[in-house]
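Here is what each chain is made of, one letter per residue.
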Amino acid sequence: MQWLTECLFCGNYVYRLKDNRIKCSSCHKKISLQKLNKIIFLIEAFIENENALHIAKRMHMAYSSVHTYFEEFRLLCAKIAEEEYELYREKNCEYEEYFYLEKSKKNNPKAIFDAHNFLTFDYDGHIYTLLMPSLQPYKQQFLQDNLQNPYLAEFNKFKRISRIAKVSKRYNQIVKFWEYFEQEILKYKGVKSEVFIYFLKEFEFKFNHENSEAIKILMEKYVKEKL
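Residues numbered from 1 in each chain as written. Predicted model: local features only at pLDDT ≥ 70, side-chain atom pairs only at ≥ 80, totals over all residues. Heavy atoms only, no water.

In the annotation of an unreviewed UniProt entry, the entry for the protein chain reads Transposase, and the organism field reads Sulfurimonas paralvinellae.

K.L.:
Help me understand the overall build of the protein chain, please; the structure alone is not making it clear to me.
P.N.:
Helices and strands together make up the secondary structure of the protein chain, namely eight helices and six strands. The secondary structure elements of the protein chain, listed N-terminal to C-terminal, are β-β-β-α-α-α-β-β-β-α-α-α-α-α. Counting over 227 residues, the protein chain shows a buried share of 38%. Counting contacts in the protein chain only where the partners sit at least 6 residues apart, residues at least 24 apart contribute 59% of the total. As presented, the protein chain carries roughly 13300 Å² of accessible surface, and 50% of it is formed by carbon and sulfur atoms. (Helix = DSSP H or I, 4+ residues; strand = E, 2+ residues; numbered from the N terminus. Buried < 20%, exposed > 50% of the residue type's maximum accessible area, 1.4 Å probe, protein only. Contact = heavy atoms within 4.5 Å. Areas by Shrake-Rupley, 256 points an atom, 1.4 Å probe, with all protein chains shown as cover.)

K.L.:
Is there a simple way to explain the pattern of salt bridges in this structure?
P.N.:
Between side chains of opposite charge, pairing is possible as soon as their charged atoms come close. Here the structure, examined in full by the defined rule, presents 11 salt bridges. K187 serves as the salt-bridge partner of E184, at 2.8 Å between the closest nitrogen and oxygen. Of the residues examined, E184 reaches a relative accessible area of 4% and is grouped as buried. Of the charged contacts in the structure, one is a salt bridge between K206 and E202, with a shortest N-O distance of 2.6 Å. Within this pair, K206 and its partner E202 are both found in helix α7 (residues 196–208), separated by four residues, close to a single helical turn. Both residues of the pair, K206 and E202, belong to the buried class. Counted as one network, the salt bridges with shared partners bring together K79, E83, K221 and E225. (Salt bridge = Lys/Arg side-chain N within 4 Å of Asp/Glu carboxyl O.)

K.L.:
I'm lost on a nonpolar patch on the surface in this one. Help?
P.N.:
On the surface, L75, V195 and Y198 cluster together into a nonpolar patch covering about 210 Å² of accessible area. With respect to the element layout, Y198 can be found in helix α7. (Patch = residues over 30% accessible without salt bridge, like charges linked within 9 Å, V, L, I, M, F, W, Y side chains within 5 Å.)

K.L.:
Looking at this model, I keep getting lost on the sheet that holds strand β1 (residues 14–16). Mind explaining?
P.N.:
The strands making up a sheet associate through hydrogen bonds between their backbones, and the pairing can be parallel or antiparallel. In space, the three strands of this open sheet follow the order β1-β2-β3, with antiparallel pairing throughout. Sheet topology places β1 and β3 (30–32) at the edges, where each strand pairs with a single neighbour. Taken pair by pair, the neighbouring strands of this sheet meet at an average axis angle of 25°, ignoring direction. Bridging between β1 and strand β2 (residues 21–24) involves three bridges; their strand directions are antiparallel. Bridge pairing links Y15 to K23 in β2. Here helix α1 (residues 33–47) sits on the sheet and contacts β1, β2 and β3; the angle it forms with β3, its principal contact strand, is near 70°. (Pairing = 2+ DSSP bridges. Axes fitted to C-alpha atoms, helices over the stretch in contact; angles between N-to-C directions.)

K.L.:
Quick question: what am I supposed to make of the packing of aromatic side chains here?
P.N.:
The geometry of two aromatic rings is summed up by the distance between their centres and the angle between their planes. Inspection of every chain in the model, using the stated rule, returns 24 aromatic pairs. Here the aromatic rings of Y98 and W178 are separated by 5.3 Å at their centres, their planes lie at 35°, and the arrangement is tilted. A residue pair is termed long-range when its members are at least 10 positions apart, and Y98 in strand β4 (residues 93–100) and W178 in helix α6 (residues 173–185) qualify at 80 residues. Measuring from centroid to centroid gives 5.8 Å for Y98 and F181, while their planes differ by 85°, and the two rings are edge-to-face. Here the residue Y98 occupies a position in strand β4, and F181 occupies one in helix α6, the gap between them amounting to 83 residues. Through pairs of rings, three or more aromatic residues link up here, namely Y98, Y100, F118, F177, W178, Y180, F181, Y188, F196, F199, F203 and F207. The lysine or arginine in question, R74, covers the ring of F199, its NZ or CZ lying 4.1 Å from the ring centre. (Phe/Tyr/Trp six-rings, centres within 6.5 Å; stacked < 30°, edge-to-face > 60°. Lys NZ or Arg CZ within 6 Å of the ring centre and 35° of its normal.)

Below is the structure:
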């Protein structure tokens, strides 16, 4: 693998030490080969959407440890997404609004305030998402004022318009991302509202990059931020 022959910090030649660490011939930084291989394996598993519990069993690691690594990767995906936005923001742009509500909550009028609303931008084929403010802080007031039914009616109206747009519009990157998002979010079987943004950015990053490219980008980012 290329990361074992080139320094992760500066790109120059590395060589192996007697204690099984690798050292850069230029910047002289050292890293455990065992640790490096573990991180590479975990990043590959994360990008390929493998289950953290299954990975923990395969690697004989504690699930909490694998979960922590995956949380770090997800945070880095969010940082990369924002950095890439700066590169694409001047390009031609289209955008659409999207509402997401877990399937199990869709028939509960009170759960409508748990929906996540985000804008999806397409910058010449590169997707960027912007999460809108949550309605949860206003949930109790809405319920006290008995406004959940009018709000639910408007939400359902939006969903009908959104479905029509999916069918009638050209099959563009935004629609492809929505379908990808809807499929991938189900694997997590419920995402807490306070961390939803990081899962959204995870899917954005994965959608924008082929697996091999995503692994390389995330590995380079992890080295710079964590090692």
